[in-house]
Amino acid sequence: MILRVVAVVISACLAPALHASETMRMAVTTSFHNSGLADVLLPRIAEDIDLEVQLLVVGTGQALKLGEAGDVDAILVHSRAAEEAFVAAGHGPRRTEIMYNDFVFVGPGEDTAGASGAASATEVLQAIAGTEALFVSRGDDSGTHKTELSLWEDAGIAPEAAWYRAVGAGMGAALNTAVGMGAYILSDRASWLNFGNKAEHEIVFSGDPVLFNQYAFLPVSAERHPHVKAGAVEKLEAWLISPTAAELINGYAIDGEQLFTFNAEPAG
Amino acid sequence: MVDLWEGLTQAFWLIVSLDAELAEIALRSLRITFTALALACLIALPLAALLAVRRFRLRRTVIAIMNALMGLPPVVVGLVVYVLLSRSGPFGALGLLFTPTAMIIAQMIVIVPLVASIAQQSLRELWHEYHDLLISMNVSQGQKMRTLLWDARRALLTAALAGFGRGIGEVGAIMIVGGNIDNVTRVLTTAIALETGKGEFALALALGFVLIALAISVNLAIHWISQTEREGRW
């Protein structure tokens, strides 16, 4: 009797889903996904080239791992050194720059460390370290985390004190933590603008060229992983550097602020 | 507190308006957990019956391990299944990673020890009552197991419901092996984690309330169905 009910429920749940004719998997970073740009690009990709792109939202570190293992067909990340190492090790045939956005320092509204008066990203970090204001780090080997660490290095500070909190979480979770503790944090602009739990926090510093954040598309090597959908990946790459993509990416804005700047070289 | 209230009202409207995306995610949650539960019961119940009727040397050890595995951390199960199913792992050729099938496998592993432990407990008690009778009737091992399983069906239902509860609310394992892909492997718990990450607490809470409501309805429905057999023992 019960088994029969269970069987009915299961069969009722097995309704077929409708999909585009071809699917592929792409690992993207949490910061890209939280920006909301994917919700604009993916439906258009499905329409233009009849390709359903399934997104795996992870940190850059894990995205590169997924590519190395051949568990995804392509990755879209933002950590140049790690990407170049990925290509050099033969895990992917090439690296195509698509667009960039920028990182910002987010902090409590009263700005206890006085970061808003700083002239450069380095000065912001020195101000935070100097006043021992709480600072939340992603601590998850993501692109944002790697950028943050290199900024600390530039500032000549080894962030290992009690005010430095590495949470080991994605962008959104780390922002939640920073808001909860009244701490400073490095975030990409898009994630911050889209974030729903801002409370009293605001952008305290932005605009330094070192905060430039380049996104690149990397196909996964079809030589190493014969199951990779190289055809679909090529179609997607061609679309991502097309004028249509440029228009959508440059036109994407939140509260009237443009988030991403398209800078892909047209295929030559 | 404001978030809690907003979450409740949002949950109410999501359900009343029969939000299509919510329905899809909720059905996927149910489908995955029910399939995992059915498979887990196919393994756990015969195992529990065997442990009840048969005495062998390592029986105690097996029971102790089974009980300990009730506390198996789902995130570890997820990681192990992930490594096994990854393209560079031993079962990579099957291409199962980031599919609902992978989620079912992981949940099944999480559920089996729980269902088996609870079932074994109640079957052992019933076996004390039935032991002399079944021995004197000289029935086979298989018949003993079948009799026990059938007569203890109410208690086994509780075991299955406990398994359902563990599965439907689980996020650690299915997040890792499913990847939380929109329209493919996103279920209620992973959607809650995602919305929390976006700082959308009200929506996350709303989904949480939907999940709780779903679990309660499933339990109520099953209890209601089984009460129609009144001659049985409860």
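Computed from a predicted model, the values in this text were never measured in an experiment. (Residues numbered from 1 in each chain as written. Chains lettered and ligands numbered in written order. Predicted model: local features only at pLDDT ≥ 70, side-chain atom pairs only at ≥ 80, totals over all residues.)

Along its length, chain B carries 10 helices and zero strands. Going residue by residue from the N terminus, the α and β elements of chain B occur as α-α-α-α-α-α-α-α-α-α. For chain B, the spread of C-alpha atoms along the principal axes amounts to about 65 × 50 × 30 Å. Expressed as a percentage of its 234 residues, the buried residues of chain B come to 43%. Across chain B, every contact between residues at least 6 apart in sequence was considered, and the portion connecting residues at least 24 apart equals 78%. (Helix = DSSP H or I, 4+ residues; strand = E, 2+ residues; numbered from the N terminus. Buried ≥ 20, exposed ≤ 12 C-beta atoms within 10 Å, placed from the backbone. Contact = placed C-beta atoms within 7 Å.)

Turning our eyes to something else, we now look at the overall build of chain A. A count of helices and strands for chain A gives 11 helices and 12 strands. Projecting the C-alpha coordinates of chain A onto the three principal axes gives extents of approximately 60 × 60 × 35 Å. Counting over 268 residues, chain A shows a buried share of 44%. Of all intrachain contacts in chain A linking residues separated by at least 6 positions in sequence, the fraction that spans at least 24 positions is 76%.

As a further point, take the domain arrangement of chain A. Residue and element names in this part refer to chain A. Domains assigned within chain A are domain 1 (23–100 + 212–262) and domain 2 (103–211). Among the secondary structure elements, those contributing two or more residues to the side of domain 1 that touches domain 2 are α2 (30–34), α4 (60–69) and β9 (212–219). The dominant element in the side of domain 1 that touches domain 2, judged by the number of residues it contributes, is α2, at three residues. Residues of the side of domain 1 that touches domain 2, tallied by class, amount to six nonpolar, 12 polar and two charged. (Domains from an automatic or database assignment. Nonpolar A, V, L, I, M, F, W, Y, C, P; charged D, E, K, R; others polar.)

This part covers the nonpolar core. Core analysis: the largest hydrophobic core is formed by 106 residues, its most contacted members being A:Ile75, B:Ala106, B:Val115, B:Ala119 and B:Val177. Looking at this core, the element that brings in the most residues is helix α5 (residues 100–136) of chain B, giving 17 residues. For B:Val115, the contacting residues outside a window of four places in its chain are B:Ala40, B:Cys41, B:Ala44, B:Ala159, B:Ala160 and B:Gly163. Counting residues in each nonpolar core, the second largest holds 32 residues, with A:Val136, A:Val179, A:Ala183 and A:Leu211 among its members. (Core = buried A, V, L, I, M, F, W, Y, C linked by C-beta atoms within 7 Å.)

Time to look at the interface of chain B and chain A. Taken together, the contact between chain B and chain A spans 27 residues of the former and 28 residues of the latter. Every element with two or more residues in the side of chain B that touches chain A is listed here: α2 (20–53) and α10 (201–227) of chain B. The element that contributes the greatest number of residues to the side of chain B that touches chain A is α2(B), accounting for six residues. Its residues assigned to classes, the side of chain B that touches chain A shows 12 nonpolar, 10 polar and five charged.

Bringing unusual backbone geometry into the picture now. A positive phi angle is found at A:Asp50, which is not glycine, with a value near 55 degrees. Inspection of the secondary structure assignment puts A:Asp50 in the loop between α3 (37–49) and β2 (51–58).

It is worth spelling out the packing of helix α4 (residues 74–85) of chain B against α5(B) at this point. All names here are of chain B. Contact geometry for α4 and α5: axes closest at 9 Å, N-to-C directions at 135 degrees. Of the possible angle classes, the one that applies to α4 and α5 is oblique. Relative to α5, α4 is oriented so that their crossing is right-handed. Taken together, the residues of α5 that come into contact with α4 (itself represented by Pro74, Val77, Gly78, Val81 and Leu85) are Ala102, Ile105, Ala106, Ile109 and Val110. Of the residues belonging to the contact of α4 with α5, the class tally is nine nonpolar, one polar and no charged. (Axes fitted to C-alpha atoms, helices over the stretch in contact; angles between N-to-C directions. Parallel < 35°, antiparallel > 145°, perpendicular 65-115°, else oblique. Left-handed = near helix turned anticlockwise from the far one by under 90°.)

Summary statistics for chain A give a mean pLDDT of 88 and a share of 91% for residues scoring 70 or more. Taken as a whole, residues 8–18 of chain A scores under 50 in pLDDT and shows 10 contacts with residues more than four places along the chain or in a different chain. (pLDDT = per-residue confidence, 0-100.)

Turning our attention to the packing of helix α3 (residues 59–69) of chain B against α5(B). Residue and element names in this part refer to chain B. Across the interface, α3 lies against α5 with an axial gap of 8 Å and an inter-helix angle of 125 degrees. The angle between the axes of α3 and α5 places the two elements in the oblique class. Here α3 and α5 pass one another in a crossing that is left-handed. Between α3 and α5, the contacting residues are Ile63, Met66, Asn67 and Leu69 on the first element and Pro113, Ala116, Ser117 and Gln120 on the second. Looking at the contact of α3 with α5 residue by residue, the classes come out as five nonpolar, three polar and no charged.

Another aspect to go through is the pairing of strand β1 (residues 22–29) of chain A. Residue and element names in this part refer to chain A. With eight bridges joining them, β1 and β2 adopt parallel strand pairing. Residue pairing across strands places Thr29 opposite Val58, the latter belonging to β2. Across three bridges, β1 lies against strand β3 (residues 74–77) in parallel orientation. By the bridge assignment for β3, Met26 is matched with Ala74. (Pairing = 2+ DSSP bridges.)

This paragraph deals with the confidence of the model for chain B. Per-residue pLDDT for chain B averages 90, and the proportion of residues at 70 or more is 96%. Interface confidence in the predicted complex, given as ipTM, is 0.73; pTM for the same model is 0.81.

The next subject is the environment of B:Gln121. Mapped onto the secondary structure, B:Gln121 falls in helix α5. Along the sequence, B:Gln121 and B:Leu156 sit 35 residues apart, while their C-alpha atoms lie 9.9 Å from each other.

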